[in-house]
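# Structural features, examined
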Amino acid sequence: MSWDLRGRRVLVAGAGDVGVAAGLLLHAAGATVFGARRTTAAVPPPLQPVAVDLLAPDAFAALPPDLDALVWAVAPHIHDPEAYRRSYTEGPARLAAALLGRGDALQRVVLVASTSVYGHQRGEVVDEQTSPQPSSFAGEAILAGERALAALPVRTTSLRFAGIYGPGRTWLIERVRRGHAAPPTAARFGNRIHRDDGAAAIAHVLTLDDPAPCYVVVDDDPADLREVYAWLAARLGVPLPPASDDDATTRRGGNKRCDNRLLRATGWRPRYPSYRDGYAAMLG
Ligand SMILES: NC(=O)c1ccc[n+]([C@@H]2O[C@H](COP(=O)([O-])OP(=O)(O)OC[C@H]3O[C@@H](n4cnc5c(N)ncnc54)[C@H](OP(=O)(O)O)[C@@H]3O)[C@@H](O)[C@H]2O)c1
């Protein structure tokens, strides 16, 4: 049995890169999809645009009625604790509570979260059973947001996305191309998910009859960054700079191996199981 999306009314709160990609898949599965964000010019048909500041006190009057499901994929434009608290800790639960409060038959909430809830640094394998140890305000805000949603009387699933790459997200390619990506001096694992596989995970989880409260959304290959940088450099025909551990960008993701077996057990499969597949498609 699955949760049939046909005729469902789904609000994608934060209809940006991932939100729109997921929204299009949800529409293709038969749902009516509303794409909410402050600037709606980039919300493509058949998604129905809703121009709203979802973090504003009076945000909800503008929202369409009778919603069955909510996908929260808002990303703050500034990287600071207050913006993260509002976007992740307060925002999702406040919206879901308002929809329940006005009487919507809201049955599903999906939070697009992050593996930043895991601050592990020694290459540990982490999954949904691993106790989160956030080492950043971002991870803490997201974890608090998961807990605030889980306290509401509605079926909520948190999707802990690894670093997203894919079309238009070429920052690592450009760093390697310019010789700015110093490989670490020792094994350091990085985790990623192709945008399209992440969007597919959102749509997939909304079809599950009995979704888990949380899934790690990552490809099948939490690879050593030395290997990833070397592969990209070879592909681009450029040399790598000498190894260094001073590179803040390389250290940002921690050092852990995210495990997607629970999500795979529900039938989801990444089209890009490894960075090789995703980057090869991007580099053509
Ligand atoms: N980037 C990564 O590697 C990564 C890793 C893990 C998890 N994630 C999570 O993945 C999710 C989707 O990310 P993305 O890459 O799709 O981000 P994105 O393209 O920046 O989309 C985020 C959307 O949120 C909207 N938004 C921001 N503030 C808003 C507000 N106050 N009211 C209404 N809408 C608002 C933005 O539109 P307006 O500015 O027009 O309002 C934008 O469309 C985010 O939750 C992000 O944290 C990302």
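Structure shown above.
Quantities reported herein were computed from a predicted structural model and do not represent experimental measurements. (Residues numbered from 1 in each chain as written. Predicted model: local features only at pLDDT ≥ 70, side-chain atom pairs only at ≥ 80, totals over all residues. Heavy atoms only, no water.)

### Regarding the packing of aromatic side chains
Here the structure, examined in full by the defined rule, presents four aromatic pairs. Ring centres of tyrosine 84 and tyrosine 88 lie 5.2 Å apart, and the angle between their planes is 35°; on these two criteria the pair is classed as tilted. Here tyrosine 88 and tyrosine 84 lie together in helix 2 (residues 81-101), a separation of four residues that amounts to about one turn. Here the two residues tyrosine 84 and tyrosine 88 agree in accessibility, since each one is buried. Seen from their ring centres, tyrosine 84 and phenylalanine 137 are 5.5 Å apart, and the 80° between their planes marks the pair as edge-to-face. You can see tyrosine 84 sitting in helix 2 and its partner phenylalanine 137 sitting in helix 3 (residues 137-150), a full 53 residues away along the chain. Here tyrosine 84 falls in the buried class, since its relative accessible area comes to 13%. Phenylalanine 137 sits in the partly exposed class, given a relative accessible area of 28%. Aromatic rings pair up to connect Tyr84, Tyr88 and Phe137 into one cluster. Just above the ring of tryptophan 3 sits the side chain of arginine 8; from NZ or CZ to the centre is 4.0 Å. When the ring centre of phenylalanine 189 is taken as reference, the NZ or CZ atom of arginine 257 above it lies at 4.4 Å. (Phe/Tyr/Trp six-rings, centres within 6.5 Å; stacked < 30°, edge-to-face > 60°. Helix = DSSP H or I, 4+ residues; strand = E, 2+ residues; numbered from the N terminus. Buried < 20%, exposed > 50% of the residue type's maximum accessible area, 1.4 Å probe, protein only. Lys NZ or Arg CZ within 6 Å of the ring centre and 35° of its normal.)

### What to know about the sheet that holds strand 3 (residues 48-51)
Sheet architecture is open: seven strands sit in the order 3-2-1-4-5-7-10, paired in parallel fashion. If you trace the sheet from one side to the other, it starts and ends with strand 3 and strand 10 (214-217), each paired once. Across the sheet, the axes of successive neighbouring strands diverge by a mean angle of 20°, strand direction being ignored. Here strand 2 (residues 32-37) runs beside strand 3; their pairing, made up of four bridges, is parallel. Directly across from phenylalanine 34, in strand 3, lies its bridge partner glutamine 48. Contacts from helix 5 (residues 195-205) reach strand 4 (69-72), strand 5 (108-114), strand 7 (155-161) and strand 10, with the element oriented near 165° to strand 7. (Pairing = 2+ DSSP bridges. Axes fitted to C-alpha atoms, helices over the stretch in contact; angles between N-to-C directions. Contact = heavy atoms within 4.5 Å.)

### Structural notes on the side chain of aspartate 104
Inspection of the secondary structure puts aspartate 104 in the loop between helix 2 and strand 5. Given a relative accessible area of 9%, aspartate 104 falls into the buried group. A polar side-chain atom of aspartate 104 sits 2.8 Å from the main-chain amide nitrogen of leucine 67. Polar contacts involving the side chain of aspartate 104 include one to the side chain of arginine 102, which spans 2.6 Å. Once you skip the residues sitting within four places of it in the chain, aspartate 104 turns out to touch Pro65, Asp66, Leu67 and Leu99. (Polar contact = N/O pair within 3.5 Å; in protein donor to acceptor, adjacent residues only side chain to side chain.)

Take it as geometry only, folks, not as evidence of what the structure does.
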